[in-house]
Amino acid sequence: MSEGGDLMSVQFECPICLDIFSKPVSIPCGHSFCLACIGGYWNSTDLCLCPLCKESFQERPKLCINRSLAEVTEFFKKKRESGSEQPPARPGEVACDVCAGPRLRALRSCLVCLASYCETHLASHGARFTTHLLVDPVRNLEDRICQKHERLLDLFCKSDLRCVCVQCSKMDHRGHTIVSLEEAAHEFKTELGKSVTEVQLMIQERVRRVEEIRQSVELSNASAEREAAEGLQIIGTVLNSVAIAQAKLTAGIEEKQKAANRRAEGLVSDLDQEICDLKSRKSDMDQLLHTKDHIHFLQSFPPMSSLPRTKDWSNIIVHTDQCVGSSRAAVSQIEKTVNKLLQKLSDSELREVQQSAVDVTLDPSTANRWLVLTEDGKQVRIGSSEQALPDDPERFSHCTCVLGREGFSSGRHYWEVQVGDKTDWDLGVARQSVNRKGEIEVSPAEGYWTMCLRDGNKFSICANHSFTLSPGSRPRTVGVYVDYEAGRISFYNVDTRSHIYTFQGTFTGKLYPFFSPYLSEGEDNSAPLVISPIRTSLVD
């Protein structure tokens, strides 16, 4: 707006509201105001005087609208509005506190007047109050005034981390570290900038993790599809084996029965022939027996008196159970096929879990005082005497047990332990919160998931599920696998590449590798348990 426009704007502005006159009235001293503004001003005071020249009036003047000024003001208002480029305040924007009509968007806020001004009213404000403090438009200007001293909050107390006025700094915050708002803002902006950088790094880390999770989901989907395809193929192989066994069983039984029928028919035919021959001989003997010719009888008696030569039928047996064992043989063949597939699956499963191999070491602070650990924390054996060690809360007091240093509260973890020819041992995992004093019960309810060997051939799972293994399948190296989220703990015979047993449940708290070389009598069971490195040739 031009300078002339500014002067004209001032001429048509009410000195009280600083806006274009609305229903202008003139009082006896010659000054003009908005009807509502001067009426409100006089209502707020006992004296009736002019706000500008302070001329007082004994009686409240009768106010009438100045028609000429109203018309000129209305003309000017329309002219200014038609040429104005100032936008009205939109929702969320700070509006001018002076505009009487449509409230325009505020350009600046005054911290002294506690009001916000559009471009037009800002010019009028600047012409009158050149020392006021103007800032970018803000809401709730009263929040920038000290409620106690009604002064501008222009200082900052670093001790209490709050904005204060000059009076506060001298009284309530005496002895505190007081700085200007600019200094405090600069310091905290620097600190905030560092936090912004850290937050940005956190965002980037989480974006990276999101990408990793998405890639993991894609790999998981691909793995699931592959597993489903392999599973269908394996089941198809089993079904095909069943179909072949079924066909062989049916054909074998039919062939055996046909052979049995042919043999029976041959025997019946031979018997029929002998019966026929015997009947003929009997007929001849009957005739000879009843003959009256004694010479003929005596001449014929010697050859006729002996029994005819026939087959000995006493040892000839026709069995009714020709196909005994056929079903068992067929199922046995299916079992061989399934066992081969299981072995193949176990080998593939073991290769998969070995991908989760971790470096496990023994924690000496948990070891029973009869146990001897190597310096590298990879071997444990029963000692010849009890060591003088403090009975810390973490240490097992009675049972010859020790935990690993590393605990797991998520993820997949696998390690292998050489048990060799030991006759007694315990392996598995234990919850961090297990009881380590006195006698312990190794069961999932007590926080133990273990596999045990006693007397060289008695295997058990947590002492409540016993089983035996053939001498050829007795493990010399045991693999232990933990899948925390899946609630799975599995044991593998690394030597035969076979699965032994799997616990299934839900875990809470940290899990730690668990070891016990058990007791030894003389040289029996004196060998150590050895945490062995994973043989990479089996993992590749």
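Residues numbered from 1 in each chain as written. Predicted model: local features only at pLDDT ≥ 70, side-chain atom pairs only at ≥ 80, totals over all residues. Heavy atoms only, no water.

*Asks:* How should the sheet that holds strand β9 (residues 371-373) be read in this particular structure?
*Replies:* Sheet strands associate in pairs through backbone hydrogen bonding, adopting either a parallel or an antiparallel arrangement. Strand order in the open sheet formed by seven strands is β9-β10-β21-β12-β17-β18-β19, and the pairing between neighbours is antiparallel. Each edge of the open sheet is held by one strand with a lone partner, namely β9 and β19 (498-504). With strand direction ignored, the average angle separating the axes of adjacent strands in the sheet is 20°. Pairing geometry for strand β18 (residues 488-493) and β19, over six bridges, is antiparallel. Looking across to β19, one finds that F491 is bridged to Y501. (Pairing = 2+ DSSP bridges. Helix = DSSP H or I, 4+ residues; strand = E, 2+ residues; numbered from the N terminus. Axes fitted to C-alpha atoms, helices over the stretch in contact; angles between N-to-C directions.)

*Asks:* Would you explain the packing of helix α6 (residues 181-289) against helix α7 (residues 294-305) in this entry?
*Replies:* Two quantities define a packed helix pair, namely the angle between the axes and the distance from one axis to the other. Following both chains from N to C, one finds α6 and α7 inclined at 150°, their axes separated by 10 Å at the closest point. By the angle between their axes, α6 is roughly antiparallel relative to α7. In this structure, α6 meets α7 at a crossing whose hand is left-handed. Of the residues in α7, those in contact with R281, D284, M285 and L288 of α6 are H296, F297, S300, F301, P303 and M304. (Parallel < 35°, antiparallel > 145°, perpendicular 65-115°, else oblique. Left-handed = near helix turned anticlockwise from the far one by under 90°. Contact = heavy atoms within 4.5 Å.)

*Asks:* I tried to follow unusual backbone geometry on my own but got confused; where do I start?
*Replies:* One can expect most non-glycine residues to show negative phi and most peptide bonds to be in trans. Although it is not a glycine, K23 adopts a positive phi angle of roughly 55°. With respect to the helices, strands and loops of the structure, K23 is situated in the loop between α1 (3-11) and β1 (24-26). A relative accessible area of 54% places K23 in the exposed class. Of note, the phi angle at R497 is positive, near 55°, even though the residue is not glycine. Along the chain, R497 turns up in the loop between β18 and β19. (Buried < 20%, exposed > 50% of the residue type's maximum accessible area, 1.4 Å probe, protein only.)

*Asks:* Got a minute to help me understand the packing of α6 against helix α8 (residues 326-353) in this structure?
*Replies:* Contact geometry of α6 with α8 gives a least axis separation of 9 Å together with a crossing angle of 160°. Between α6 and α8, the angle is such that the two are roughly antiparallel. For the pair α6 and α8, the crossing hand works out as right-handed. On α8, the residues touching I234, T237, V238, S241, V242, A245, L249, I253 and K256 of α6 are S326, S327, A330, I334, T337, V338, L341 and L345. Of the residues contributing to the contact of α6 with α8, the split by class is eleven nonpolar, five polar and one charged. (Nonpolar A, V, L, I, M, F, W, Y, C, P; charged D, E, K, R; others polar.)

*Asks:* I'm lost on the pairing of strand β15 (residues 458-461) in this one. Help?
*Replies:* On a regular strand, each side chain points to the face opposite its neighbour's, so the side chains alternate between the two faces of the sheet. Bridge count between strand β14 (residues 448-454) and β15: four bridges; the pairing is antiparallel. When the bridges of β15 are listed, M451 appears paired with I461.

*Asks:* Help me understand the sheet that holds strand β5 (residues 134-135) in this model?
*Replies:* Ordered by their spatial adjacency, three strands build an open sheet running β4-β3-β5, and the pairing between neighbours is antiparallel. Of all the strands in the sheet, the pair left with one neighbour each is β4 (115-117) and β5. Bridge count between strand β3 (residues 108-110) and β4: three bridges; the pairing is antiparallel. Opposite S109, over in β4, you have S116 as the bridge partner.

*Asks:* Hey, could you run me through the layout of surface pockets in this one?
*Replies:* Unoccupied space between atoms shows up once a probe the size of one water molecule is rolled over them. Looking at the largest pocket, its volume works out to about 810 Å³. For the largest pocket, the lining is made up of 22 residues, of which E227, E230, S348, E349 and E352 are closest to its centre. Only α6, α8 and β17 (477-483) provide two or more residues apiece to the lining of the largest pocket. Counting residues per element, the lining of the largest pocket draws most heavily on α6, at nine residues. Grouping the amino acids of the lining of the largest pocket by side-chain chemistry returns six nonpolar, seven polar and nine charged. (1 Å grid on protein atoms, 1.4 Å probe; cavity = no way out; pocket = protein on both sides within 12 Å on 5 of 7 lines; lining within 4 Å. Points joined across faces, edges and corners; volume = space filled by probe spheres on them.)

*Asks:* Which parts of the structure should I look at to understand the side chain of R281?
*Replies:* Tracing the backbone through its elements, the reader meets R281 in helix α6. The contact partners of R281, leaving out residues within four places of it in the chain, are P303, M304, S306 and P308.

*Asks:* It is not clear to me how the environment of S169 should be interpreted in this structure. Could you clarify?
*Replies:* Looking at the element boundaries, S169 is found in helix α5 (residues 166-170). When the C-alpha atoms of S169 and T250 are compared, they prove to be 105 Å apart, with 81 residues separating the residues in sequence. In this structure, S169 is in contact with L155, R174 and I178, ignoring residues within four places of it in sequence. Within the local environment of S169, its side chain forms a polar contact with the backbone oxygen of V166, the two atoms lying 2.5 Å apart. (Polar contact = N/O pair within 3.5 Å; in protein donor to acceptor, adjacent residues only side chain to side chain.)

*Asks:* Help me understand α6 in this model?
*Replies:* The end-to-end C-alpha distance of α6 is 153 Å, a good match for the 162 Å that 109 residues give at a rise of 1.5 Å each. Burial in α6 covers these residues: A184, S241, A245, A260, L267, E274, R281 and L288. Residues of α6 that are buried make contact with β6 (155-157), β8 (178-180), α7 and α8. (Expected span 1.5 Å × (residues − 1).)

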